[in-house]
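Summary of the model geometry
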Amino acid sequence: MLRRLHIERFALIDELDLDVAPGFTVITGETGAGKSIFLGALQLALGGRAEFAAVGQPGFKSVVEAEFSVAESRKAELFSEDWDWWGDGALASLVLRREVHPGGRSRAFINDSPVRLDELRRVSGSLVDIHSQRDEGLWARSEGIAMLLENFAPKGVAEARQTYLRAWEVFGDAERALHELESELGSVNDPEYLRFVVQELKGLDLKAGEESQLRQQLATLSHQTELQEAGSEALHTLDREELGLAALASQVRRAAERVARRTGAHDDLVNQGMALEELVRELRSAWSTLLDQLESDPAALARAEERLAEIDRIQRKHQVSSEDELRSQAERLYQRLELWEEGQDRIAQARSALNDAQKAVERAGEAWNRALMNGEPPLILAVNAGLAELAMPQTQCAVRAQLRPSPTVHGTYSYRFEFSANPGQAMQELSKVASGGERSRLMLVLKRYLAERQGLSTVLFDEIDTGVSGGTAAKMAFMLRAMSSNAQVLAITHLPQVAAKGSHHWVVEKSTDGKATRTQLRVLSPAQRLDEVARLLSDGSLSDLALAQARALMAATE
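Along every chain, residues carry numbers that run from 1 in the direction the sequence is written. Under the rules for a predicted model, residues below a pLDDT of 70 receive no local features and side-chain atom pairs below 80 are neither given nor counted, while totals for whole chains, interfaces and linings still include all residues. Side-chain metrics in this entry use all non-hydrogen atoms of the structure; hydrogen atoms and water are not considered.

1. Some details on the overall build of the protein chain
Per the convention used, a helix needs a DSSP run of H or I reaching at least four residues, while a strand needs a run of E reaching at least two, with both numbered from the N terminus. Check the secondary structure of the protein chain and you find 21 helices and 16 strands. Three exposure classes are used, based on accessible area relative to the maximum for each residue type with a 1.4 Å probe and protein chains only: buried under 20%, partly exposed in between, and exposed over 50%. Within the protein chain, buried positions represent 44% of all 558 residues. Taking contacts inside the protein chain between residues at least 6 apart in sequence as the whole, the part at least 24 apart equals 69%. Taken as a whole, the protein chain presents about 29100 Å² of accessible surface, with 49% of it coming from carbon and sulfur. When charges are counted, neither His nor the chain ends are considered; positive counts come from Lys and Arg and negative counts from Asp and Glu. A single reference atom marks each charge: NZ on Lys, CZ on Arg, CG on Asp, CD on Glu. For the protein chain, the distance from the average position of its 65 positive side-chain charges to the average position of its 83 negative side-chain charges is 6 Å. Here a residue-residue contact requires only that any non-hydrogen atoms of the pair lie within 4.5 Å. Areas reported here follow the Shrake-Rupley algorithm with a probe of radius 1.4 Å; residue values treat only the protein chains shown as occluding.

2. Looking at helix α18 (residues 470-483)
When the terminal C-alpha atoms of α18 are compared, their 20 Å separation across 14 residues agrees well with the 20 Å that a helix rising 1.5 Å per residue should span. Thr472, Ala473, Met476, Ala477, Met479, Leu480 and Met483 are the residues of α18 that are buried. Buried positions in α18, seen along its axis, are confined to an arc of 165° and lie on one side of it. An expected span of 1.5 Å times one less than the residue number is assigned to each helix. The directions from the helix axis to the C-beta atoms form the arc being described.

3. Notes on the nonpolar core
One finds Leu379, Val399, Tyr415, Phe417, Leu444, Phe461 and Leu480 to be the most contacted residues of the largest nonpolar core, which totals 73 residues. Each residue touching Leu379, except ones within four places of it in the same chain, is listed here: Leu148, Leu149, Phe152, Val399, Phe417 and Leu446. Residues enter a nonpolar core if they are buried and are Ala, Val, Leu, Ile, Met, Phe, Trp, Tyr or Cys, with the set joined through side-chain atoms within 4.5 Å. One finds Ala11, Leu94, Val115 and Leu521 within the second-largest nonpolar core, a separate group that totals 44 residues.

4. Regarding the packing of helix α5 (residues 142-152) against helix α15 (residues 376-389)
Here α5 crosses α15 at 100°, and the two axes come no closer than 8 Å. As judged from the angle between their axes, α5 and α15 are roughly perpendicular. Packed against α5, whose contacting residues are Leu148, Leu149 and Phe152, the element α15 presents Glu376, Pro378, Leu379 and Ala382 at the interface. Gly falls in the polar group here, along with every residue not listed as nonpolar (Ala, Val, Leu, Ile, Met, Phe, Trp, Tyr, Cys, Pro) or charged (Asp, Glu, Lys, Arg). In the contact of α5 with α15, the residues fall into 6 nonpolar, no polar and 1 charged. In this analysis, axes come from line fits to C-alpha atoms, helices being fitted only over the stretch in contact, and the angle between any two N-to-C directions falls in the range 0 to 180 degrees. What sets the label is the angle itself: under 35 degrees gives roughly parallel, over 145 gives roughly antiparallel, 65 to 115 gives roughly perpendicular, and the rest give oblique.

5. With respect to the side chain of Arg529
Here Arg529 shows up in helix α20 (residues 526-537). Any carboxyl oxygen of Asp or Glu that lies within 4 Å of a side-chain nitrogen of Lys or Arg is treated as forming a salt bridge with it. In this structure, Arg529 is buried with no salt-bridge partner, the nearest side chain bearing the opposite charge being Glu532 at 10 Å. If we ignore the near neighbours within four places in the chain, the residues touching Arg529 are Ala499, Ala500, Gly502, Ser503, His505, Leu524 and Met554.

6. Quick notes on the sheet that holds strand β14 (residues 488-492)
Read across the sheet, 6 strands follow the order β9-β13-β14-β3-β15-β16 without closing on themselves; strand pairing throughout is mixed. Each edge of the sheet is formed by a strand with only one pairing partner; in this case those strands are β9 (128-131) and β16 (517-523). Recorded for the sheet is a direction-independent mean angle of 15° between the axes of neighbouring strands. Examined bridge by bridge, strand β15 (residues 504-512) and β16 share 7 bridges and lie antiparallel to one another. Bridge assignment links Glu509 to a residue of β16, and that residue is Gln520. Strands pair, by our definition, only if DSSP identifies at least two bridges between them.

7. Topic: α5
In an α-helix, one full turn covers 3.6 residues, which means residues spaced three or four apart are oriented alike. Within α5, 8 of the 11 residues are buried, which leaves it mostly tucked inside the rest of the structure. Along α5, the positions that sit buried rather than exposed are Ser142, Gly144, Ile145, Ala146, Leu148, Leu149, Asn151 and Phe152.

8. Describing the sheet that holds strand β11 (residues 411-420)
Strands belonging to one sheet form pairs held by backbone hydrogen bonds; the direction of such a pair is parallel or antiparallel. Taken together, 3 strands build an open sheet; the order of strands is β10-β11-β12 and the sheet is antiparallel. This sheet does not close on itself; its edge strands, each paired only once, are β10 (396-408) and β12 (428-429). In this sheet, β12 lies alongside β11 in antiparallel orientation, the contact comprising 2 bridges. By the bridge assignment, Glu418 is partnered in β12 with Glu429. Each of β10 and β11 touches helix α14 (residues 344-373); the most contacted strand, β11, lies at about 30° to it.

9. Examining a positive patch on the surface
Judged by side-chain charge, Arg254, Arg258, Arg261 and Arg262 come together as a positively charged surface patch. The class for Arg262 is exposed, based on a relative accessible area of 69%. Like charges within 9 Å and nonpolar side chains (Val, Leu, Ile, Met, Phe, Trp, Tyr) within 5 Å are joined into patches, using only residues over 30% in relative accessible area that form no salt bridge.

10. Focus: the side chain of Thr493
When you line up the elements, Thr493 lands in the loop between β14 and α19 (496-500). Looking at Thr493, its side chain comes within polar contact range of the main-chain nitrogen of Leu495, at 3.0 Å. When near neighbours in sequence (up to four residues on either side) are disregarded, Thr493 contacts Val26, Ile27, Thr28, Asp465, Val498 and Ala499. Polar contact is defined as a pair of N or O atoms within 3.5 Å, subject to the rule that within protein one atom must be able to donate a hydrogen and the other to accept it, and that residues adjacent in sequence are counted only when both atoms are side-chain atoms.

11. Focus: the confidence of the model for the protein chain
As a per-residue measure, pLDDT reflects the predictor's confidence and takes values from 0 up to 100. Residues with a pLDDT of 70 or more make up 92% of the protein chain, whose mean pLDDT is 83. Ranking the helices and strands of the protein chain by mean pLDDT puts strand β8 (residues 113-115) first, with 93, and helix α2 (residues 52-55) last, with 58.

12. Some words on unusual backbone geometry
Of note in the backbone geometry, Asn111 takes a positive phi value of approximately 50° without being a glycine. Residue class for Asn111 comes out buried when judged on its relative accessible area of 1%. The phi dihedral of Asp112 is positive, around 70°, even though this residue is not glycine. Within the secondary structure, Asp112 sits in the loop between β7 (106-110) and β8.

13. Topic: the environment of Pro423
Considering the arrangement of structural elements, one finds Pro423 in the loop between β11 and β12. Among the residues examined, Pro423 registers a relative accessible area of 56% and is labelled exposed. The spacing of Pro423 and Val128 is 295 residues in sequence and 37 Å in space, taken between C-alpha atoms. Contact partners of Pro423, with chain neighbours within four places excluded, come to Gln394 and Gln396.

14. Observations concerning the pairing of β10
Where β10 meets β11, 9 bridges bridge the pair, whose relative direction is antiparallel. Counted as the bridge partner of Ala401 is Tyr415 from β11. Taking the residues that link successive antiparallel strands as the turn, the β10-β11 hairpin has 2 residues.

15. Structural notes on the packing of aromatic side chains
Geometry of aromatic contacts follows a simple scheme: Phe, Tyr and Trp rings, the Trp one being its six-membered ring, pair when their centres are within 6.5 Å, and the pair is stacked under 30 degrees between planes, edge-to-face over 60, tilted otherwise. Scanning the model with the defined rule gives 7 aromatic pairs in all. Relative to Trp368, the ring of Tyr164 lies with its centre 5.2 Å away and its plane at 40°, an arrangement referred to as tilted. Pair noted here: Tyr164 is in helix α6 (residues 157-185) and Trp368 is in helix α14, with a separation of 204 residues, a long-range link. The same class applies to Tyr164 and to Trp368, which are both buried. A network of ring pairs unites the aromatic residues Phe79, Trp83 and Trp85 as a single cluster. Put simply, a charge is over a ring when the Lys NZ or the Arg CZ is close to the ring centre, within 6 Å, and near the line of the ring normal, within 35 degrees. Across the ring face of Phe79, the terminal group of Lys75 is positioned such that the distance to the ring centre comes to 5.2 Å.

Encoded structure:
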């Protein structure tokens, strides 16, 4: 239960310390007085969005603190090791605080311990429920409708939900395992094409240095006639009997041998002469080999050109500019294919596990859906009965379950409310056919049943009576008052019928000194409550008739 609210420097509120009592509290005030500011401050403390430009006062830190009284028995449900539990006998105090600094930085605390915003929202979501004019409500969210069904289902829903969540966890683990394995082994969108490319590269069989050798060979073969002439001339120079290089080298060697025989020395001259002869022989062999190649293989030029063209084509295909880059690319693709092929057994096992997990989660989802839909008949009976109390006796409602495209943490089915306010009118999605007043009444009925069945501790309604007047407004007021026997209820309202039924009454007022405008909240005494209800009944003047009507409204009982 909300016990205290403290606000500092929030929008038009300078400072507010407010004790909040059990039962039914109504909040009224002139249009524009700042009731929405009060609501925004509470939502900030509960983990709502913080924008300093919207909530802060220049140069000051905004602070909102909400203190709740919580049963000690809820410690296991709410408590986290990240913050202290302030217990005192059967009750504990939870103080939720938000600070918004002028620079825009926001901080969250539970019992003076700093916490993450999602932790603050987790705790506050179990402590207070807010219905605002901008909140489409439980009926607009599949998860909200599922919660309603669960509260009305006769049995087995909690077990079915837990079974599903265990299956969902296994399914999620299987999905992650497959994705991680595919990432580890490398993603191959088209294995057949990869195999073709690898075979093409293997068929090319590119040797190290082959491209440069081919280009050199091509340059040689491209000048065949000129090279043959040069070769013939070189061999002729080497082989002439008197002045040929071979004959001259032989003469030099023989001269060195004569010198060596006569002197017994100068063997180095002999060795050099012999080396010269060997060099001439090697030179003659090289020229002969070149001429033989030019004469014996006339198709070599065509083959070299064709081979180079194939190498160039594959280099362009793989967007590389050299044979070294192409060989590196080929090695990468070989390894990628090899790794992928070796991992196919592991991937097949992972896919089989995922398939089994998906079947299990789908079975569990079907069971959960059946258990939830068992709650539809009693839910619809209760809603129709509650709406009949609020002057909507001809209402028809239904919950429709629709299979989701894929499993989610919320189940394999989504749910929506369908509605018809008039006999003969086909039921359609509630948001398309219900008026504002009809939606407000439906939301009140749903929240009443949740307070009874789920144990909501604090519920705040922001103009839940929008679009309602007359006798229906009085019935809504009685329903809110009755709801406060199971939960602490706060209602922002413009209706005197609702204001008159409050156990406690606050009024929001705006004032200005010509330089600044401020919003204040006053707790009214019984006499002041009478005046405020009379103001709501009239044009603002407290006539005897308005006061009498207000007194009658406040005196009326259920």
